Amino acid sequence: MLVEAARTAINAGAPESARQIADDAARRRLLRPVINGTGTLLHTNLGRAPISWDQAEQYSNLEFDLTTGERGSRMDAAPALIAQVCGAEAAIVVNNCAAAVLLVLASLAEGSGVVVSRGELVEIGGGFRVPDVMERSGARLIEVGTTNRTRLADFKRAVEQHGDAAAVVLQVHQSNYKIVGFTEAPRTAELATLSRPLVSDIGSGLADSRCSWLPGGPPGWLDNEPAARQTLEAGADLVTFSGDKLFGGPQAGIIAGRADLVAACAAHPLARALRPGSLVLGALQATALAYLNRDGDAIPFWRMASLSQDELRSRAQEIGVGVVVDVASTPGGGTLPGVEIPSAGVAVEGDQRNRLRNHRRPIIARVVDGRTVIDLRTVHPDDDSEIAAALTPGSD
Ligand SMILES: *Cc1c(COP(=O)(O)O)cnc(C)c1O
């Protein structure tokens, strides 16, 4: 990269610009740590849930059974722990939630149909539409109801009309949007009465609505977010969710629920194409163990989400540059639309986003009412000094 930068500079007749060109290239072309000052906890552009992961050069027992010395399964460790967290019989892990939905439908409804409400055929961001992903599974979508109102009777009629061709009932959580007003949708427990496997794509991945990993229990802002454990208890046969949203782990997709259906997914040829490697499974195992230890502080998303506004105000005071401001953090990541978590940070005059992005540790900030604001909820306390340095006039 340095040679390329030098050549570009020389060809432009400005050899002294080589350093600048190299720095720019490093910014554009290298994956690097950034400080998230936006207050969006699951910032999709910044990698969603922050994770801490580091390992020495090593082999692992990824697919080796240390008891028998025979071949083992990579789904025996982290996925089994996740099943335990969610109260599921079994679970497997794939690359992301879109892959989880794809694999479930390919395994349970390929060549037949999946019944789904018109109010739940959503676009998940980056231009990806769930219906397009679903159709790639080879399952036909049997759409029922309307955008705002779908009743159990609509599902019943479709199941009766299509018979065996309606192999699966799918419920998709409206994670990144809300339909308000004259609305109706059947509950999970009602859909579970339809004598077809019920798959609930909860997406955002709250493991258990009791939040036993938080000393204070569920925070108020969680609202009515569906949780994996309770959705299964209500009668869903499978749930699918992302590993890097409210679950707080690495990018992954989890399929959890009835053992026979999970086994059918694991046996489908696509499972091999969608499986994660040991880096992801290792990070997921650490996340699952933190849940089982009821140690929310060990999951960066939950630690950050639980910080009190007072704590954040005093950190802002400590930083000592600009003014201390109260702000509102958001869960982000296409979860909990409209939810705000009272937070605090520092603000400086004018739009300084460019300058902060060009800091040695890039800092991503927001501009509110002509001021640049850094929300400290999403900033690791170790990085406060970096923020103070970056905001100090003349520090460049
Ligand atoms: C986020 C989301 C997805 C996509 O998840 P990825 O892990 O980004 O693939 C699918 N379904 C729902 C309901 C979601 O919220």
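Look up: the structure comes first, before these words.
Cut-offs and rules
Residues numbered from 1 in each chain as written. Predicted model: local features only at pLDDT ≥ 70, side-chain atom pairs only at ≥ 80, totals over all residues. Heavy atoms only, no water. 1 Å grid on protein atoms, 1.4 Å probe; cavity = no way out; pocket = protein on both sides within 12 Å on 5 of 7 lines; lining within 4 Å. Points joined across faces, edges and corners; volume = space filled by probe spheres on them. Helix = DSSP H or I, 4+ residues; strand = E, 2+ residues; numbered from the N terminus. Nonpolar A, V, L, I, M, F, W, Y, C, P; charged D, E, K, R; others polar. Pairing = 2+ DSSP bridges. Axes fitted to C-alpha atoms, helices over the stretch in contact; angles between N-to-C directions. Contact = heavy atoms within 4.5 Å. Core = buried A, V, L, I, M, F, W, Y, C linked by side-chain atoms within 4.5 Å. Buried < 20%, exposed > 50% of the residue type's maximum accessible area, 1.4 Å probe, protein only. Salt bridge = Lys/Arg side-chain N within 4 Å of Asp/Glu carboxyl O. Phe/Tyr/Trp six-rings, centres within 6.5 Å; stacked < 30°, edge-to-face > 60°. Disulfide = S-S within 2.5 Å. Parallel < 35°, antiparallel > 145°, perpendicular 65-115°, else oblique. Left-handed = near helix turned anticlockwise from the far one by under 90°.

Colleague: Which residues make up the layout of surface pockets, and what are the values?
Modeller: In this model, the second largest pocket occupies a volume close to 820 Å³. If you trace the second largest pocket, you find 36 residues lining it, with His 173, Gln 174, Ala 185, Asn 224 and Pro 226 closest to the centre. Listing elements by their share of the lining of the second largest pocket, those giving two or more residues are β8 (166-172), β9 (198-203) and α8 (228-233). Of the residues that constitute the lining of the second largest pocket, the class distribution is 12 nonpolar, 17 polar and 7 charged.

Colleague: Now, about the sheet that holds strand β15 (residues 366-368): what can you tell me, with residues and values included?
Modeller: The 5 strands lie next to each other as β2-β12-β13-β16-β15, forming an open sheet whose pairing is mixed. Taken across any chain shown, the strands that pair with only one partner, and hence form the sheet edges, are β2 (40-42) and β15. Between one strand and the next, the sheet's axes are offset by a mean angle of 45°, whatever the strand orientation. Taken strand by strand, helix α13 (residues 309-319) contacts β12 (323-332) and β13 (341-349), and its axis lies near 15° from that of β13.

Colleague: An account of the nonpolar core is requested, with residue identities and associated values reported.
Modeller: Counting residues in hydrophobic clusters, the biggest one holds 56 residues, and the most contacted among them are Ile 82, Val 115, Trp 221, Phe 241 and Trp 302. If one sorts the elements of this core by residue count, helix α3 (residues 78-86) sits on top with 6 residues. Each residue touching Trp 302, except ones within four places of it in the same chain, is listed here: Leu 206, Trp 213, Leu 214, Pro 219, Trp 221, Leu 222, Leu 246, Tyr 291 and Gly 296. Of all hydrophobic cores here, the second largest spans 34 residues; its members include Ala 109, Val 133, Ile 255 and Leu 274.

Colleague: Any details on the pattern of salt bridges? Residues and values, ideally.
Modeller: Opposite charge on two side chains makes pairing possible when the charged atoms of those side chains draw close. Taken as a whole and judged by the stated rule, the model has 22 salt bridges. A salt bridge links Glu 143 to Arg 118; the shortest N-O distance between them is 3.3 Å. Highlighted residues: Glu 143 in strand β7 (residues 140-144) and Arg 118 in the loop between β4 (113-117) and β5 (123-125), separated in sequence by 25 residues. Judged by relative accessible area, Glu 143 falls into the partly exposed class, the value being 37%.

Colleague: Help me get a handle on the packing of aromatic side chains, residues and values and all.
Modeller: Counting across every chain of the model gives 6 aromatic pairs. Centre to centre, the rings of Phe 241 and Phe 247 are 5.7 Å apart; their planes meet at 50°, and the pair counts as tilted. For the pair shown, Phe 241 and Phe 247 are each scored as buried. Ring plane angle 80° and centroid distance 5.0 Å describe the contact between Phe 301 and Trp 302, whose orientation is recorded as edge-to-face. The buried category is assigned to Phe 301, whose relative accessible area is 0%. With relative accessibility at 0%, the residue Trp 302 sits in the buried group.

Colleague: Provide a residue-level description of the pairing of strand β3 (residues 90-94), including the pertinent values.
Modeller: Here is the key point about a regular strand: its side chains alternate between the two faces of the sheet. Most of β3 is tucked away, with 5 of its 5 residues classed as buried. Judged by which residues are buried, β3 turns out to be covered on both faces: Ala 90, Ile 92 and Val 94 on one side and Ala 91 and Val 93 on the other are all buried. Inspection of the sheet shows β3 paired to strand β11 (residues 253-257) by 5 bridges, in the antiparallel sense. Residue pairing across strands places Ala 90 opposite Gly 257, the latter belonging to β11.

Colleague: Run through unusual backbone geometry, naming residues and quoting values.
Modeller: In this structure, Arg 48 is a non-glycine residue whose phi angle is positive, near 55°. Tracing the backbone shows Arg 48 in the loop between β2 and α3. Since its relative accessible area comes to 21%, Arg 48 is described here as partly exposed. In this structure, Cys 211 is a non-glycine residue whose phi angle is positive, near 50°. Overall, the relative accessible area of 0% leaves Cys 211 in the buried class.

Colleague: Could you give an account of the state of the cysteines, naming the residues involved and the relevant values?
Modeller: If you walk through the whole model with that rule in mind, you get 0 disulfides. With no disulfide of its own, Cys 86 lies closest to Cys 211 among cysteine sulfurs, the gap being 12 Å.

Colleague: If you had to explain the pairing of strand β10 (residues 238-242) to someone new, which residues and values would you point to?
Modeller: β10 sits mainly inside the fold: 5 of its 5 residues count as buried. Alternating positions in β10 separate into two faces, Leu 238, Thr 240 and Ser 242 on one and Val 239 and Phe 241 on the other, with burial throughout. Of the pairings in the sheet, the one linking β9 to β10 comprises 4 bridges and is parallel in character. Among the inter-strand pairings, Gly 203 is bridged to a residue of β10, identified as Phe 241. Pairing geometry for β10 and β11, over 5 bridges, is antiparallel. Bridge pairing in β11 links Ser 242 to Gly 253.

Colleague: Account for the packing of α3 against helix α11 (residues 278-292), with residues named and values stated.
Modeller: Running from amino to carboxyl end, α3 crosses α11 at an angle of 30°, the nearest separation of the two axes being 9 Å. Our classification of the angle between α3 and α11 gives roughly parallel. When you trace α3 past α11, the crossing you get is left-handed. Where α3 abuts α11, its residues Ala 78, Pro 79, Leu 81, Ile 82, Gln 84 and Val 85 lie against Leu 281, Leu 284, Gln 285, Ala 288, Leu 289, Tyr 291 and Leu 292. Taken together, the residues of the contact of α3 with α11 sort by class into 11 nonpolar, 2 polar and no charged.

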